[in-house]
Every structure is written in structure tokens, then in C-alpha cells.
Amino acid sequence: MLNPHLSTIILSFFLFLLLFLLLRIKMGKAIIEEFSFLLLIAVVGLAVFGTSKANAEIKSCDLFEGSWIFDNSYPLYNSTACPFIRKEFNCIKFGRSNLEYLKYKWQPTGCALPRFDGKDFLTRFKGKKIMYVGDSLSLNNFESLLCLLNAAVPDAKFNQEIYKENVTVTFLDYGVQVVLFHSNLLVDIEIEPMGRVLKLDSIKNGQIWKEFDLLIFNTWLWYSTRGPQQPWDFIEVGGKISKDMDRVEAFRAGLNTWAKWVETDVDTNKTKVSFQGASPAHYHGSDWGEPNVNNCLNETTPVNGSTYPSGLPVAVEIVKEVLSNISKPVFLLDITKLSQLRKDGHPSKYNAFKGMDCTHWCLAGVPDTWNQIFYGSLI
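Cut-offs applied
- Residues numbered from 1 in each chain as written.
- Predicted model: local features only at pLDDT ≥ 70, side-chain atom pairs only at ≥ 80, totals over all residues.
- Heavy atoms only, no water.
- Helix = DSSP H or I, 4+ residues; strand = E, 2+ residues; numbered from the N terminus.
- Buried < 20%, exposed > 50% of the residue type's maximum accessible area, 1.4 Å probe, protein only.
- Contact = heavy atoms within 4.5 Å.
- Areas by Shrake-Rupley, 256 points an atom, 1.4 Å probe, with all protein chains shown as cover.
- Pairing = 2+ DSSP bridges.
- Phe/Tyr/Trp six-rings, centres within 6.5 Å; stacked < 30°, edge-to-face > 60°.
- Lys NZ or Arg CZ within 6 Å of the ring centre and 35° of its normal.
- Axes fitted to C-alpha atoms, helices over the stretch in contact; angles between N-to-C directions.
- pLDDT = per-residue confidence, 0-100.
- 1 Å grid on protein atoms, 1.4 Å probe; cavity = no way out; pocket = protein on both sides within 12 Å on 5 of 7 lines; lining within 4 Å.
- Points joined across faces, edges and corners; volume = space filled by probe spheres on them.
- Nonpolar A, V, L, I, M, F, W, Y, C, P; charged D, E, K, R; others polar.
- Disulfide = S-S within 2.5 Å.

K.L.:
Lay out the overall build of the protein in plain terms, naming residues and giving numbers.
P.N.:
The helix and strand tally for the protein stands at 9 helices and 13 strands. For the protein, the proportion of its 379 residues judged to be buried stands at 49%. Excluding contacts between residues fewer than 6 apart, the proportion of contacts in the protein whose partners are at least 24 apart in sequence is 76%. Carbon and sulfur atoms form 56% of the exposed surface of the protein, whose accessible area is close to 18400 Å².

Now the structure itself:
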């Protein structure tokens, strides 16, 4: 379906064209040339007005309130043609045969979300450096952006460098560098004689981050992790070391440290800062009204409507509270609720490890919408 503003421009153009043809029959050459010039000015003016009006509509619209609708023009790219998708997210490669999940488009309640334009994105950020900072859900989002850009310029040259868990991809024709900086908690973990210490008051990697032009941060998942996968042995906050603490309060403390770093260290005239909201998992059917379901394996369609039965996780409130206390501009990519509705979008068993993954997302898939909304916020 055409954007309504674009439809108005096209209709106006054809009306002017019809008028021009009628007048040509009755007018001399000089008058026609003058009229043609005025016609051109009018059409350009309509185009500019329509674009400005559409952009103003997007700016005033809540892009995160809406519902998922079926759209046969989706997905935005063919995952088999994307060279960046890791085996964790490559659901089609590892056997997922029900592909209906690829055909859903996010429709905000009050406006039309612009389709992702990869060429425009690369042109806007020509010569710039973009960094995703966070855990494996940042990786999910990072690879989605790479696939969207690759689909727009499939013949463009790129260079990929991998150092441990950090990845840098440079689109050479545009000089655009897209980086994944792996940081599960944003704050530091240091090895000390007693063991691994989570330092909730410390961010040393910020010296690297602040040199980028666009930063997209994410954390939450690892703050609640316990058992053998927990990446620390002790927690230090306010000069005191303990074996453990309330994980929600630990998250709040870590996020406040990050917020202070933004306030004191980031020049937001040079660097745009965004925070990617908490991404939901789907292991408990009771969360979406199916109490007998205990994973996402057989889910093939989104939750109907625009509300999620279990409500929002506590991380959402904390993120909004912390961001509201930052005086500098920080954009919240508030993807939690719209992603909660997509119980059908996870790899489940269709990944290289064959484990049940209802935390991450298939690519192509839901993270493409995160980047589409992010793009909409930039234009």
C-alpha cells in the first residue's frame, strides 16, 4: 500500500499533467514553456511538502504502539543471500520450514512506518562509525542491520574483521563502519585474586565507545543469569564487595553508572546515543495466554492485537527511569512490547546447536523491525 502522502503527490502530478495537455491544445509555444516551468515548480513543491509532512507525522507518532499485520512483500531481504548471519540465528538454514513468521509487518497505530532504505542509510552515515554495544541480543540486532544494508547494495565491497567477540564490518564504497562491541553488562568485570568481580561503578571501555558517531547500547539479560553461566563471582558497588545482591538493583546500579558516563564523557553534538530496550523471551505460554505451552517451538503467528497478557518486565521501568534522568539526548529503542507479541519469531530448535532458543530471534525476522523503527527515528 502506498504512503498516503506519496499517493497525494502522484495524483496531483497527473492532474497537473492532464491540465497541461489540455492547455497545450489552446496555447502558443511561449505560454506552454512558461506554464511547464510553473508546473515543475509546483510538482517539486508538492514533493517537498509531502515528504516534510510525512517526516513530521513520524516524529509525532509513537512508533512502538501498534500491531503486527500480514504483508506479503516481507521479509525485507532473503536470509540465504546475507553473508553475515551466524548459525545461532539462521533458522531457515537449520530446518525451519514454516515461514509465515517472515511475512509480518509492524504497523504503528498512528502513522505509516517507512520501509528501511539501506542506500539512504549508508548515504546519511557516509564516512561515519556506528557501534552496537551489548550482549548477544545486540549481536542479533547488529547482524540484522548488516543484512538490511547488504540487501540494498548487494554488489558493494565490504571488509569484515573479527577479534574475539568483537566484529567490524566496513562498507568500503561508503566508508561506513559498523561495529559490534561485546559487553554483556556494560560495566566492568575484573579478574582479582578472589575471582571475577563485577564492578557496578566502573566503565573503562567508554574511552573506546565515545569515539563513534552512533552508539546503540543494550543490557539486561546477563544481570539475571545464575549458576554456571553467571560471568562473575563477586559484586562490588559503593566500595563494598558481596557474593550477591538483588539482581534488579544490580541492573539499576550498572545502568546508572552507564548514564553518568553518558552525562560526563559523551559529546552528544558529535555522537548520537540510543538504548535498545529489553528483548523478551518466550518460554512460558502463560505469559501469552497458553498455560500448557512451555516453549516457542510450535508458535507460528504473533499474538493478536497490541497488548501482551503478562505485562512488561521490570527492566523496562528501570530503563525509562534512568534515561529520564539524563539531561543529554538519548533515544530509547523501546522494542519490548512489540517483540513480546512475536512468540513465533525465535529460532527454537532451528539453530546449529539444536537447543531450544526462545530468547534470540531468527534472521530475517523481528530485529529487522527494530532497525526499521530506528531508521524511521533518524530520517
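Following the structure, the description resumes.
K.L.:
I'd love a proper account of the pairing of strand E10 (residues 234–237), names of residues and values included.
P.N.:
Relative to E10, strand E8 (residues 195–199) runs parallel, the two being bridged by 3 bridges. Bridge pairing links Lys-199 to Glu-236 in E10. With 3 bridges connecting them, E10 and strand E11 (residues 240–242) associate as antiparallel partners. Bridging across to E11, Glu-236 finds its partner in Ile-241. Counting the residues in the hairpin turn of E10 and E11 gives 2 residues, including Gly-238, whose phi is positive at 60°.

K.L.:
Now, about the packing of aromatic side chains: what can you tell me, with residues and values included?
P.N.:
For the coordinates displayed, the defined rule picks out 18 aromatic pairs. Considering the side-chain rings of Phe-217 and Trp-258, the 5.3 Å spacing of their centres and the 65° angle between planes classify their relative orientation as edge-to-face. Of this pair, Phe-217 sits in strand E9 (residues 214–217) while Trp-258 sits in helix H6 (residues 247–265); the two residues are 41 residues apart in sequence, bridging distant segments of the chain. On the basis of relative accessibility, which here comes to 0%, the residue Phe-217 falls in the buried class. The buried category is assigned to Trp-258, whose relative accessible area is 0%. In this structure an aromatic cluster arises from ring pairing among Phe-181, Trp-209, Phe-217, Trp-258, Trp-261 and Phe-275. We note Lys-129 situated over the ring of Phe-212; from NZ or CZ to the ring centre the distance is 4.7 Å. Above the plane of the ring of Trp-68 lies Arg-342, whose end atom (NZ or CZ) is 4.5 Å from the centre.

K.L.:
Describe the sheet that holds strand E13 (residues 330–333), naming the residues involved and giving the relevant values.
P.N.:
With mixed pairing, the 7 strands of this open sheet are ordered in space as E4-E5-E6-E3-E9-E12-E13. In this open sheet, the two edge strands, each paired with only one partner strand, are strand E4 (158–163) and E13. Across the sheet, the mean angle from the axis of one strand to that of its neighbour is 15°, orientation sign disregarded. Relative to strand E6 (residues 176–182), strand E5 (residues 166–171) runs antiparallel, the two being bridged by 5 bridges.

K.L.:
Let's hear about the confidence of the model for the protein: which residues, and what values?
P.N.:
Averaged over all residues, the pLDDT of the protein equals 90, while 84% of them reach at least 70. Contacts for the low-pLDDT stretch residues 1–16, under 50 throughout, to residues beyond four places or in other chains number 15 contacts. Confidence drops under pLDDT 50 across residues 38–54; counting only partners more than four residues distant or on other chains, this segment forms 12 contacts.

K.L.:
Account for the layout of surface pockets, with residues named and values stated.
P.N.:
Considering only enclosed or pocket space, the second largest pocket measures out at about 520 Å³ in volume. What lines the second largest pocket is a set of 21 residues, and nearest its centre among them are Ser-136, Leu-221, Trp-222, Gln-229 and His-360. For the lining of the second largest pocket, the secondary structure elements donating two or more residues are helix H4 (136–152) and E6. The class makeup of the residues in the lining of the second largest pocket is 8 nonpolar, 9 polar and 4 charged.

K.L.:
Explain the state of the cysteines to me, using residue names and the numbers behind them.
P.N.:
Among covalent bonds in proteins, the disulfide is the one between the sulfur atoms of two cysteines. Throughout the structure, instances matching the rule amount to 4 disulfides. With its sulfur 2.0 Å from that of its partner, Cys-91 forms a disulfide with Cys-362. Residues Cys-91 and Cys-362 are joined through a disulfide that is left-handed, its torsion about the S-S bond being -95°. Highlighted residues: Cys-91 in the loop between strand E1 (66–70) and strand E2 (104–108) and Cys-362 in the loop between helix H8 (336–340) and helix H9 (366–378), separated in sequence by 271 residues. A single burial state applies to Cys-91 and to Cys-362, both of which are buried. Here Cys-296 is linked by a disulfide to Cys-358, with a sulfur-sulfur distance of 2.1 Å. Because the sign of the S-S torsion sets the handedness, a value of about -90° for the bond joining Cys-296 and Cys-358 places this disulfide among the left-handed ones. Taken as a pair, Cys-296 in the loop between strand E12 (272–276) and helix H7 (314–324) and Cys-358 in the loop between H8 and H9 lie far apart in primary sequence, 62 residues in all. A single burial state applies to Cys-296 and to Cys-358, both of which are buried. Each bonded cysteine of the protein gets a number by its place in the sequence, and the pairs then read 1-4, 2-5, 3-8, 6-7.

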